[in-house]
Amino acid sequence: MRALIVRHSPWLVWAGVAAGAAALTLLWWTSTLPPTSFGGQLTEAGRLTGLFAGFLVVILLVLMARLPVLERQVGTDRLARIHSMVGRYVVCMTVAHMVLIWLGYAMTAHAGLGAEVTDLLTGYPYVLWAVIGAGLFVLVGVVSATAIRTRVSYETWYLVHLLTYAGIALAFWHQILTGAQFVSNGVARWGWIGAYACATALLLWYRLVVPVRNVWRHRLEVAAVRTEVPGVVSVYLSGARLDDLGAEAGQFLRLRFLTRNEWWQSHPYSLSAAPNPSWLRVTIKALGDHTEQLQRIRPGTRVLAEGPYGALTARRRSRHGVVLIAGGVGVTPLRALFESLPAEEGRLTLIYRASKHEDVVFRHELDEIAADRRAVVHYLVGPPGPGQEPALHPNWLRRLVPDVAERDAYLCGPGGMMTTAIESLRECGVPARRIHHEDFSF
């Protein structure tokens, strides 16, 4: 039943969005007189797109809050896709709102476009602020586009993304003081203010208050650092009342290591061992400046944690048999699940794909877990030889796990491997609802 709840939770989110959009449309319709000119029609279309842009901003704030209930039930990767989609619509609606209002006002006043720009910026309260805010939205949207995002560092993308908050703040007062649906409708105005206030409160609570409270409550710090393989270290975190975090195997924390150079940025790291009351463990591969420095993080360093996040947990399991498919350092959340995921004896299998033997992380631990739980672990190391089937081909999967079609599948690894594994599982008869994975890339 839990697996079905997870599967359908995104539709509950979309239903809420649709209900809000319908309410806004009704508000616009009941407060608008039929326009008598083409300029009036453009103006009313501009007002409607402005309402939708403001409503979508509320949704963005809620998504930015990383609500635990959504993170656990919907999943981080699904929420990230929704966030990206909503962000694109905000930019499009905001630009459409500005252009339509500009053209509509100019045609109604029989004024030139240049003169109308001056009048809008100087004659209406906070319009200039709103235009600056819209420019920030567009900048964030451009940097978040795939073609550009893949060319900039995470740190640059993250800092630019923070401008979203400034853009929202600059645009808000314009909505309240000049929005046609709010100037003369006190109920609508206070309802709009309340929606923004609630979304902002959720954001401040989960992104600021809770992490700061956790610093005091859990007092997380680096207890030890252990090299697993070249370029990969496990960081052990100790603290107080770790059970209160509510972390589950398969989830991740956003960690901010409070050092001189790293305090200002947080990154997601999967738990690489099942949580316990004494310590938590994350495993980090050197992939950039930040992760390079964490290879040498010192014991005693204080850590600020957000989360836990993610839905790649035992909650998704719907069958007694499970197959875990890992690639490279993507084994980290699956190693925690391999240790703790309920499964019938002999029906828990881990398939670990790696390019080289020195890339296999936790080999000794995985072998011990397999022996203790009477589970099975297969290592697929190196490229296939001439004439051999590629690793994770459907025939390979059926050979390694004959009853794969009757199991749940958990996946984590590089994008190419994940795509191949999902296609092979589907060809083997595993339905999409029993293939569980999350993508943590920004």
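As the structure is a computational prediction, the values presented were derived from the model and not from experiment.

*Asks:* I tried to follow the domain arrangement of the protein chain on my own but got confused; where do I start?
*Replies:* You'll often see interface size given as the accessible area lost when the parts meet. You can read the domains of the protein chain as domain 1 (10–209), domain 2 (219–309) and domain 3 (316–437). Measuring from the centre of the C-alpha atoms in domain 2 to the corresponding centre in domain 3 gives 25 Å. The interface of domain 2 with domain 3 comprises 16 residues on the first partner and 13 residues on the second. Summed over both partners, the interface of domain 2 with domain 3 buries about 1000 Å², with 66% contributed by carbon and sulfur atoms.

*Asks:* Explain the nonpolar core to me, please; I cannot follow it from the model alone.
*Replies:* Counting residues in each nonpolar core, the largest one holds 34 residues, and the members touching the most others are L24, I59, L61, V86, V90, W192 and Y196. Counting residues per element, the ones that place at least two in this core are α1 (2–30), α2 (38–64), α4 (76–109), α9 (163–178) and α11 (186–218). The biggest single contributor to this core is α2, with 12 residues. V90 has contacts with A53, L56, V57, L60 and F137, leaving out every residue within four places of it along the chain. Judged by nonpolar contacts, the second largest core, of 28 residues, contains V331, V361, A375 and Y410.

*Asks:* How do you make sense of the sheet that holds strand β4 (residues 267–270) when you look at a structure like this?
*Replies:* Hydrogen bonds along the backbone pair up the strands of a sheet, which may run parallel or antiparallel. If you trace the three strands from one edge of the open sheet to the other, you get β4-β3-β6, paired in antiparallel fashion. Only two strands of the sheet have a single neighbouring strand rather than two, namely β4 and β6 (303–309). Recorded for the sheet is a direction-independent mean angle of 35° between the axes of neighbouring strands. Note: strand β3 (residues 252–257) against β4, four bridges, orientation antiparallel. Within the sheet, the bridge partner assigned to R254 lies in β4 and is P268.

*Asks:* Would you mind going over the UniProt feature "transmembrane region" (unreviewed entry) in the protein chain with me for this structure?
*Replies:* As annotated in UniProt, the feature "transmembrane region" (unreviewed entry) corresponds to residues 12–30, 50–69, 89–106, 126–145, 157–177 and 189–209 in the numbering used here. Across residues 50–69 one finds 85% helix and 0% strand; the C-alpha atoms that close the span lie 30 Å apart. Span residues 126–145 is 90% helix and 0% strand, its end C-alpha atoms 29 Å apart.

*Asks:* Help me out: how do you make sense of the pairing of strand β5 (residues 279–285) in this one?
*Replies:* The two faces of a sheet get side chains in turn, since along a regular strand they alternate between them. Among the seven residues in β5, five count as buried, and that is most of the element. Here strand β2 (residues 232–238) runs beside β5; their pairing, made up of seven bridges, is antiparallel. Paired with S234 across the bridge in β5 is T283.

*Asks:* When you look at a nonpolar patch on the surface in this model, what are you seeing that I'm missing?
*Replies:* On the surface, V117, L121, Y126, L128, W129, V131, I132, W173 and L177 cluster together to form a nonpolar patch covering roughly 760 Å² of accessible area. Contributions of two or more residues to the nonpolar patch are made by α5 (113–123), α6 (127–144) and α9. For the nonpolar patch, the element with the most residues is α6, which contributes four residues. You can see I132 is positioned in helix α6. By relative accessible area, I132 is classed as partly exposed at 44%.

*Asks:* Whenever I open this one, the pattern of salt bridges confuses me. Can you help?
*Replies:* Where charged atoms from two side chains of opposite charge come close, those side chains can pair. Counted according to the given criterion, the structure contains 14 salt bridges. Among the ionic pairs, E248 bridges to R315, the shortest N-O distance being 2.8 Å. Remark: R315 occurs in the loop between β6 and β7 (322–327) and E248 occurs in the loop between β2 and β3; sequence separation between them is 67 residues. If you follow the salt bridges from partner to partner, you end up with R226, E228, R281, R335, E339 and E365 in one network.

*Asks:* Would you mind showing me how to read the side chain of T332 here?
*Replies:* Here T332 shows up in helix α13 (residues 331–340). Residues in contact with T332, not counting those within four places in the same chain, are S270, L271, S272, T283 and F362.

*Asks:* I keep staring at the pairing of β2 and nothing clicks. Help me out?
*Replies:* Judged by how many residues are buried, β2 sits mostly within the fold: six of seven residues are covered. Two elements, strand β1 (residues 221–229) and β2, share seven bridges in a ladder whose sense is antiparallel. Counted as the bridge partner of V229 is V232 from β2.

What counts, and at which threshold
Residues numbered from 1 in each chain as written. Predicted model: local features only at pLDDT ≥ 70, side-chain atom pairs only at ≥ 80, totals over all residues. Heavy atoms only, no water. Domains from an automatic or database assignment. Contact = heavy atoms within 4.5 Å. Buried area = accessible area lost by both parts, 1.4 Å probe. Core = buried A, V, L, I, M, F, W, Y, C linked by side-chain atoms within 4.5 Å. Buried < 20%, exposed > 50% of the residue type's maximum accessible area, 1.4 Å probe, protein only. Helix = DSSP H or I, 4+ residues; strand = E, 2+ residues; numbered from the N terminus. Pairing = 2+ DSSP bridges. Axes fitted to C-alpha atoms, helices over the stretch in contact; angles between N-to-C directions. UniProt positions renumbered as here; feature names shortened; annotations may be inferred. Patch = residues over 30% accessible without salt bridge, like charges linked within 9 Å, V, L, I, M, F, W, Y side chains within 5 Å. Areas by Shrake-Rupley, 256 points an atom, 1.4 Å probe, with all protein chains shown as cover. Salt bridge = Lys/Arg side-chain N within 4 Å of Asp/Glu carboxyl O.

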